[in-house]
Amino acid sequence: MKDDLPNQTGAQPPEEFTNLKTKTPSQAAGGIPSVLSAMQHALGEMGVARSLVTLNRMNQKGGFDCMSCAWPDPDGERSHLAEYCENGAKAVADEAMTKKISPEFFAEHSIADLAAHSDFWLNKQGRLTHPMVRRKGATHYEPIAWDEAVALVAQGLNALDSPNEAVFYTSGRTSNEAAFLYQLFVRMFGTNNLPDCSNMCHESSGTALSETIGIGKGTVTLEDFEKAQAIIVIGQNPGTNHPRMLIALQKAKRNGAKIITINPLPEAGLMRFKHPQELSGIVGQGTALTDLFLQVRINGDVALLKGIMKGLVERDAIANEFINANTEGFGEFIEALCSVSWDEITTNSGVDQSSIQQAVDILCKSTATITCWAMGLTQHKNAVATIQELVNLALLQGNIAKPGAGLCPVRGHSNVQGDRTVGIWEKPKPAFLDALNREFHFAPPREHGFDTVAAIKAMHEGRAKVFFAMGGNFLSATPDTEFTAAALRRCKLTAHVATKLNRSHLITGEQALILPCLGRTEIDVQASGPQFVSTENSMGVVQSSQGVNPPASEHLLSEPMIVARLAEATLRYGTSSSSELVQWSTLIANYDNIRAAIERTIPGFENYNARVRQPGGFYLPNGPREGRFPTSIGKAHFTVHPIPPHELSDGELVMMTIRSHDQFNTTIYGLNDRYRGIFNERRVVLMNPLDMAELGFKAGDVVNLLGEYNGEQRIAHKFIIVAYDIPRRCCATYFPEANVLVPIDSVAEKSNTPVSKYVVIRLRKDTEDAGC
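Here's what I pulled together on the structure shown here.

What counts and how
- Residues numbered from 1 in each chain as written.
- Predicted model: local features only at pLDDT ≥ 70, side-chain atom pairs only at ≥ 80, totals over all residues.
- Heavy atoms only, no water.
- Helix = DSSP H or I, 4+ residues; strand = E, 2+ residues; numbered from the N terminus.
- Rg over C-alpha atoms; globule rule 2.2 N^0.38 Å.
- Buried < 20%, exposed > 50% of the residue type's maximum accessible area, 1.4 Å probe, protein only.
- Contact = heavy atoms within 4.5 Å.
- Areas by Shrake-Rupley, 256 points an atom, 1.4 Å probe, with all protein chains shown as cover.
- Salt bridge = Lys/Arg side-chain N within 4 Å of Asp/Glu carboxyl O.
- Arc of directions from axis to C-beta.
- Core = buried A, V, L, I, M, F, W, Y, C linked by side-chain atoms within 4.5 Å.
- Pairing = 2+ DSSP bridges.
- Axes fitted to C-alpha atoms, helices over the stretch in contact; angles between N-to-C directions.
- Polar contact = N/O pair within 3.5 Å; in protein donor to acceptor, adjacent residues only side chain to side chain.

Some details on the overall build of the protein
Line of reasoning, step 1. Helix and strand counts for the protein come out as 31 helices and 34 strands.
Line of reasoning, step 2. Here the C-alpha atoms of the protein give a radius of gyration of 25 Å, agreeing with the 28 Å that 2.2 N^0.38 yields for 772 residues.
Line of reasoning, step 3. When the backbone C-alpha atoms are referred to their principal axes, the protein occupies close to 70 × 65 × 55 Å.
Line of reasoning, step 4. Within the protein, buried positions represent 65% of all 772 residues.
Line of reasoning, step 5. Contacts in the protein between residues at least 24 apart in sequence constitute 79% of all its contacts with a sequence separation of at least 6.
Line of reasoning, step 6. When the accessible surface of the protein is totalled, it reaches about 26700 Å², and 51% of it is carbon and sulfur.

In structure tokens, the structure reads:
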């Protein structure tokens, strides 16, 4: 049995829980509590003067782009002095904190000692200041010079029997410039093993959209929200994960749009929004957002969407002219849709027919509808199919390629979309590799590489022996925690580029490196002077980002500099003499040189250096947004998918993992989930009160969560039951604490994304496992 205790992959839970407090969940997001929370965190981490300077330059021209979510800034000049949200302020304060980790800290604390602490504690220790190494057999990290650290990585890579024995991971906060250099170095080394965080979140969106509309991105702009007549928000919690999206929804509501929310949990941020920069958001009731809330069961979305589309077809509220001119596959789609009964729809969605017809009423009256989604849809076995049903719905009413309408996957990391655009992908397209060949005069590898799940398995089986991470917290972000930890431990070398200490640094290969880099808030000076980088947001806008604070340490290097030094050290001894044709020092001396290379390599970046300096940056081309579908036949595709079955035995529940409000991805800012009324604790499981009674539990019981998949059992210890408004036979827990229950082999069809939103579990009182 795999569990979360023995190997220090997560802090052992306390013997007793005494701090948990619960309150009635909030009925609105924003307002004074949001302002106070942001300021308290900023002042506590940065102090008064640093907070004022840093926050005032966030998301502003000449300043830096928020390293939190990828929600876009307004086009052109910024409309607010404070163009950030509560969680964005927390993310900035977390990076720009004044507390630092010195080599003396690592001398005082062994790796085992550090691993016994919580993720929250690790993050609170401060900014990394020196390169650190764990040598073979050592119990502590010790300082290492940059030249030696780079040489150690180069030696480890060049000692491999094949370049495919190395894995190069990328976090979604990495800039376009760093990511482009990184993929160039990796491909010159000889592999496409470039897994990234997108493999675990919106890979399903990219796959679904590429197959149906010809591009793996959304089709809307921020301005479209002001013109929409209806907006569907499904499988998403913007109040916590994308708070600035609430401003766009508020504007849409004030312009008359109707909002349909589809989610297992009634999240506060979708019910009402108190804009913290408006008087009504401080002393008033704010703006009611959701007109219709459909509380779907976990993974009941396909059935629900089929019900909505069936209702539209029955009322003949479809765009026949658009369908005939721009799509194929409609005949097969409509035949399959008509064969689905209302009984199948309501049983599998958990939503009654009357409520579904209310959604149909709203959409029948709308001639411009936007559909937004996030990881509530992307992390299911049938995730690609679910998202393609969203495409079917958009095509059915012609809601693509017109103002106020379109598809909007909302990305959860600031440059995860940009990293993919500039080449971070294990399955590169031939045209991109051909362009690299022309520009840099080498033959890139054509064999597809490892995605995240495949990389973990390869390390576990000994087929990959060096793991290099450009940012992120790989262990805590990935599924099946114990399996992943064992995989990392089997490596010869693990190396992490990072700003803060995290759990991945403590689960190491035979040798390990921590390589500290500049944060996005910090001034980056290279040979030609101060530099800026660029990122791409959820709507395909590329904008500049320039740090404003002095670096936390003189020993920090920028990510592009780290890549360039690795490339020079590694490729110098490689077999390809063409690697010498890349002047890495010239590229990083002035990042304009990197952007010029991107411009010559990737379509859409014409006049990159001039346009990225314009207020608001520039949009990348988007065929479907412009009425063109770059598929093999030049049309969008309707697709047909079955309703996924829900088969649970007595006593089983479906668990989904979620974020708390004091969290961004794997970074834990605090122990509260204010909007859900949960305070001082993260090891909780949200349950329907009727399920609690039926299974013999009550609120406050401490239970162990047990999962079984393909005959293998997993256990997560000591979770507190919290009664919550969630559909029957469903429950929710926070990640990364519950990641130990997500099987490595449970993945989405086609995208291979871990299925973190549908894990079948049982509950057992902790006292029953005493002594086990």
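What follows continues from the structure just given.
A short note on the pattern of salt bridges
Line of reasoning, step 1. Throughout the structure, instances matching the rule amount to 43 salt bridges.
Line of reasoning, step 2. R595 is the partner of E177 in a salt bridge, and the nearest nitrogen-oxygen pair spans 2.9 Å. Taken as a pair, E177 in helix α8 (residues 176-189) and R595 in helix α29 (residues 591-601) lie far apart in primary sequence, 418 residues in all. Taken as a pair, E177 and R595 share a single burial class, namely buried.
Line of reasoning, step 3. Measuring nitrogen to oxygen at the nearest pair gives 2.8 Å for the salt bridge that ties D434 to R446. Here the residue D434 occupies a position in helix α23 (residues 430-440), and R446 occupies one in the loop between α23 and α24 (452-460), the gap between them amounting to twelve residues.
Line of reasoning, step 4. Beyond isolated ion pairs, a larger network of salt bridges with shared partners links E86, K90, D662 and R674.

Here's the deal with the side chain of H460
Line of reasoning, step 1. Among the structural elements, H460 can be located in helix α24.
Line of reasoning, step 2. H460 gets classed as buried once you look at its relative accessible area, which sits at 19%.
Line of reasoning, step 3. In this view, H460 contacts F483, A486, A487 and R490; residues no more than four positions away in its chain are not counted.

What to know about the environment of M245
Line of reasoning, step 1. Following the sequence through the fold, M245 ends up in helix α12 (residues 245-254).
Line of reasoning, step 2. Classification of M245 as buried rests on a relative accessible area of 0%.
Line of reasoning, step 3. Separated by 173 residues in the primary sequence, M245 and P72 have C-alpha atoms spaced 8.6 Å apart.
Line of reasoning, step 4. Setting aside anything within four residues of it in sequence, one finds M245 in contact with W71, V233, Q236, P238, C372 and V410.

Observations regarding helix α17 (residues 330-338)
Line of reasoning, step 1. By the burial criterion, the buried members of α17 are F333, I334 and L337. Seen along its axis, α17 keeps its buried residues to an arc of 90 degrees; they face one direction. Exposed residues on α17 whose side chains face more than 90 degrees from its buried face are E332 and E335.
Line of reasoning, step 2. Check the buried side of α17 and you find it contacts α15 (301-314) and α21 (383-396).

Digging into the environment of A431
Line of reasoning, step 1. Secondary-structure assignment places A431 in helix α23.
Line of reasoning, step 2. In the structure, A431 is positioned 78 residues away from G509 in sequence and 36 Å away in space, judged by C-alpha atoms.

Description of the nonpolar core
Line of reasoning, step 1. F168, F185, F468, L513 and W584 are the most contacted members of the largest nonpolar core, which totals 64 residues.
Line of reasoning, step 2. Per element, the largest residue contribution to this core is nine residues, and it comes from α8.
Line of reasoning, step 3. Residues L292, A303, A359 and I643 belong to the second largest nonpolar core, which totals 52 residues.

A closer look at the sheet that holds strand β17 (residues 466-470)
Line of reasoning, step 1. As summarised here, the arrangement of the six strands in space is β7-β6-β19-β18-β17-β8, forming an open sheet in which the pairing is mixed. At either margin of the open sheet sits one strand with a lone partner, and together these are β7 (142-143) and β8 (166-170).
Line of reasoning, step 2. Taken together, the five bridges between β17 and strand β18 (residues 493-498) define a ladder with parallel strand orientation. In the strand pairing of β18, A469 is matched with H496.
Line of reasoning, step 3. Sheet contacts for helix α7 (residues 146-158): β6 (132-134), β8, β17, β18 and β19 (511-516); angle to β19, the most-contacted strand, approximately 130 degrees.

Let's talk about the pairing of strand β33 (residues 730-734)
Line of reasoning, step 1. Most of β33 sits out of view: five of its five residues are buried.
Line of reasoning, step 2. Here β33 shows a buried face lined by C730, A732 and Y734 and a second buried face lined by C731 and T733.
Line of reasoning, step 3. For strand β26 (residues 653-658) and β33, the ladder comprises five bridges, and the chain directions are parallel. Within β33, the position partnered with M655 by the bridge is C731.
Line of reasoning, step 4. Of the pairings in the sheet, the one linking strand β30 (residues 684-687) to β33 comprises three bridges and is antiparallel in character. The partner of L686 across the bridge, within β33, is A732.

Side note on the side chain of S110
Line of reasoning, step 1. Note on placement: S110 falls in the loop between α4 (103-108) and α5 (111-115).
Line of reasoning, step 2. A relative accessible area of 17% places S110 in the buried class.
Line of reasoning, step 3. A polar contact of 3.0 Å, which involves the side chain of S110, links it to the backbone nitrogen of D113.
Line of reasoning, step 4. Here S110 is in contact with T139 and H140, once residues within four sequence places are set aside.

A word on the sheet that holds strand β11 (residues 272-274)
Line of reasoning, step 1. Ordered by their spatial adjacency, three strands build an open sheet running β3-β11-β12, and the pairing between neighbours is mixed. One side of each edge strand has no neighbouring strand; the edge strands of this open sheet are β3 (29-30) and β12 (287-288).
Line of reasoning, step 2. Sheet topology note: the β3/β11 ladder contains two bridges and is parallel. Looking at β11, one finds that A29 is bridged to F273.

A few points about unusual backbone geometry
Line of reasoning, step 1. Each neighbour pair has its own omega, and for F735 with P736 the value is 10 degrees, a cis peptide bond.
Line of reasoning, step 2. In this structure, P736 sits in the loop between β33 and β34 (759-765).
Line of reasoning, step 3. The backbone of D316 sits at a positive phi, close to 60 degrees, despite the residue not being glycine.
Line of reasoning, step 4. Among the residues examined, D316 registers a relative accessible area of 55% and is labelled exposed.
Line of reasoning, step 5. In this model, N607 sits at a positive phi of 55 degrees, which is unusual for a non-glycine residue.
Line of reasoning, step 6. Tracing the chain through its elements places N607 in the loop between α29 and α30 (608-611).
Line of reasoning, step 7. Since its relative accessible area comes to 46%, N607 is described here as partly exposed.

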